[in-house]
Amino acid sequence: MESPRPGQQIDLSVEDSLEIRLSHPSGTGYRWSADRVPSCVVLRRADAELGPTKSPVRTPGQARTSVIELMATEPGDGELRLALGRPWESEPAEVVDLMLTVR
């Protein structure tokens, strides 16, 4: 899933995987993270970063992609909060809340 919309509802079945890709500018220290994960899923990967696909040269400010991967483990629902921030700042620059339902 690329660029989820805030408030988007996502339905999964037990053992489904969900890969979320979110864009951020490179060279700024910003990274996407899973700030809140509901108990019906587990976080499998949250630190992967993909570079630009069109140009092999990395330039400052060029878009990069953070990859967050979850796996549905049991029925339930809850809010998944994704936050764009820098480790040395206390407040995120952007937050995306998604509603997950696992059946």
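Heads up: the structure comes first, above all this text.
Residues numbered from 1 in each chain as written. Predicted model: local features only at pLDDT ≥ 70, side-chain atom pairs only at ≥ 80, totals over all residues. Heavy atoms only, no water.

Some points on the layout of surface pockets
- In this structure, the largest pocket encloses a volume near 150 Å³.
- Of the residues contributing to the lining of the largest pocket, the split by class is four nonpolar, three polar and five charged. (1 Å grid on protein atoms, 1.4 Å probe; cavity = no way out; pocket = protein on both sides within 12 Å on 5 of 7 lines; lining within 4 Å. Points joined across faces, edges and corners; volume = space filled by probe spheres on them. Nonpolar A, V, L, I, M, F, W, Y, C, P; charged D, E, K, R; others polar.)

A short note on the pairing of strand S7 (residues 94-102)
- Note that strand S1 (residues 9-12) and S7 share four bridges and pair parallel. From the neighbouring strand, Leu12 faces S7, where its bridge partner is Val102.
- Direction of pairing for strand S6 (residues 76-85) relative to S7: antiparallel, over a ladder of nine bridges. Across the sheet, Asp77 pairs through a bridge with Thr101, a residue of S7. (Pairing = 2+ DSSP bridges. Helix = DSSP H or I, 4+ residues; strand = E, 2+ residues; numbered from the N terminus.)

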